[in-house]
Amino acid sequence: MTSVTSMSTAARIGRTLRGMPASDGAGVKLTRVIGTPQLEMLDPFLMLDEFGTDRAEDYLAGFPEHPHRGFETVTYMLDGRMRHKDNHGNEGVLVPGSVQWMTAGRGLVHSEMPEQQEGRMRGFQLWVNLPAAEKMTQPRYQEFAPERIPLLQPAQGVQVKVIAGRVGDVDGPIRQPATEPVYLDIELAPQATWQYELPEEHNGFVYAFEGEGVVGEGDGARALAAQELGVLIGGSRFTIAGGDKGVRVILVAGRPLREPVARYGPFVMNTKEQVMQAFVDFQQGRF
Ligand code: FE
């Protein structure tokens, strides 16, 4: 393994956790990894859901019309197709490998519906908070097909899809100065290793979804199995190894906002009064 000659400190896994079975929308079965009592949030990340099933009845009902205000929803599809449609006239289909970074801002009402009747549906939805000054911004979409997401091979046996953030001199397509997010899909062959420097001030986590690997260096190294999330602490130098089976993870990090969070369902604001106002605005059709 090559060592990085820099002043950075190694990141290690502070704690691991597994998601909890949950149901959302019109009964879609999913695993909620962030946004439960065991990890309510990891500033600026409010929620992480993994959906992954080949049983149509687990997803067919989809997520009919529902509102959002005050944050961003990020959908990364691995398998399956999802049609989205909002009350401002935006509509599209997410295909496998695509990402949608939706800034709900002051509010929209949308539906997210599986377009296929059979086959596998797999992916993630992440919620990213917005700072107070941008919670009431105009809604905005950043949506990219798989061919628009850079795929790098930064080391032997390592493949990295750069959704957000910078790897070497390659930038992912997502722009969000408020939290400067990093979102990488990393696949390592058995025993392959890779090191990546995260922005110093960021909070971050790694979530394994295939195989198993090892995160960290030396005494701080720790195994990470599929469907385990590791909260990163202690430094910015992220190291991962593929273990015996290889591993595939998402590595996600962002600059913490350090603001009060008042949340209720699809509304995430700074105060209770703002959440109440969101209810009123939604009911009066102001989204
Ligand atoms: Fe939604």
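All chains use their own residue numbering, which begins from 1 and follows the written sequence. Owing to the predicted nature of the model, reporting of local features is limited to residues with pLDDT of at least 70; listing and counting of side-chain atom pairs is limited to 80 or more, with chain, interface and lining totals taken over all residues. Hydrogens and water molecules were not included; the side-chain quantities draw on all heavy atoms of the structure.

Enquirer: Would you take a moment to explain the sheet that holds strand S3 (residues 28-34) for this structure?
Expert: Strand pairing in a sheet relies on backbone hydrogen bonds. The paired strands run either parallel or antiparallel. If DSSP finds at least two bridges between two strands, the strands pair. Numbered from the N terminus, helices here are DSSP runs of H or I no shorter than four residues, and strands are runs of E no shorter than two. Within the open sheet, the seven strands sit side by side as S2-S3-S4-S11-S6-S9-S12. Their pairing is antiparallel. Across the chains shown, the open sheet's two edge strands, defined by having one partner strand only, are strand S2 (20-24) and strand S12 (140-144). Sheet twist, expressed as the average angle between the axes of neighbouring strands with direction ignored, equals 20°. Note that strand S9 (residues 99-103) and S12 share five bridges and pair antiparallel. Paired with Gln100 across the two strands is Glu143, which belongs to S12. Working convention: axes come from line fits to C-alpha atoms, limited for helices to the stretch in contact. Angles between N-to-C directions cover 0 to 180 degrees.

Enquirer: Explain the coordination of the iron ion here, please?
Expert: Coordinating donors are taken to be N, O and S atoms lying within 2.8 Å of the metal, or within 3.2 Å when the metal is Na, K or Ca; because water is excluded from the atom set, some sites may appear incomplete. Taken together, the protein donors to the iron ion comprise His66 (NE2), His68 (NE2), His110 (NE2) and Glu112 (OE), at separations of 2.1 to 2.3 Å. In this structure, the iron ion is coordinated by four donor atoms arranged in irregular fashion, with angles at the metal of 84 to 178°. Read in sequence order, the donor residues for the iron ion give the motif H-x1-H-x41-H-x1-E. Neither residue differs from the other here; His66 and His68 are each classed as buried. Geometry is assigned from donor-metal-donor angles: four donors are tetrahedral when every angle falls between 85 and 135 degrees, four are square planar and six octahedral when opposite donors sit over 155 degrees apart with all other angles between 65 and 115, and any other arrangement is irregular. Only protein chains enter the calculation, and the probe is 1.4 Å; a residue is then buried if its accessible area is under 20% of its type maximum, exposed if over 50%, and partly exposed in between.

Enquirer: Before we go on, may I ask you to explain the sheet that holds strand S8 (residues 91-94) in this structure?
Expert: Pairing is antiparallel in the open sheet, where four strands are placed in the order S5-S10-S7-S8. Every interior strand has two partners, whereas the edge strands, strand S5 (63-68) and S8, have only one. On average, adjacent strands in this sheet sit at an angle of 20° to one another, irrespective of strand direction. Summarising the sheet, strand S7 (residues 82-86) and strand S10 (residues 108-114) pair through five bridges and their orientation is antiparallel. Residue pairing for S10: Arg83 is matched across the bridge by Met113.

Enquirer: Can you help me understand the pattern of salt bridges in this one?
Expert: Here the idea is simple: oppositely charged side chains can pair when their charged atoms come close. Each salt bridge in this description consists of a side-chain nitrogen of Lys or Arg and a carboxyl oxygen of Asp or Glu lying within 4 Å of one another. One pass over the structure, following the stated rule, counts 19 salt bridges. For Arg83, the salt bridge goes to Glu115, with nearest N and O atoms at 2.6 Å. Of this pair, Arg83 sits in strand S7 while Glu115 is found in the loop between S10 and strand S11 (121-129), placing the two residues 32 residues apart along the sequence. With relative accessibility at 31%, the residue Arg83 sits in the partly exposed group. Take Glu115: its relative accessible area is 30%, and that puts it in the partly exposed class. One salt bridge connects Arg122 with Glu210, and the closest N-O pair in it is separated by 2.8 Å.

Enquirer: Even after reading the chapter, I still don't get unusual backbone geometry, so can you show me in this structure?
Expert: Negative phi characterises most residues that are not glycine, and trans characterises most peptide bonds. Cis rather than trans, the peptide bond between Asp43 and Pro44 has omega equal to 10°. By secondary structure assignment, the location of Pro44 is in the loop between S3 and strand S4 (45-53). Here the phi dihedral of Arg258 falls at roughly 55°; this positive angle occurs in a residue that is not glycine. Note on placement: Arg258 falls in the loop between strand S23 (247-254) and strand S24 (262-264). Of the residues examined, Arg258 reaches a relative accessible area of 64% and is grouped as exposed.

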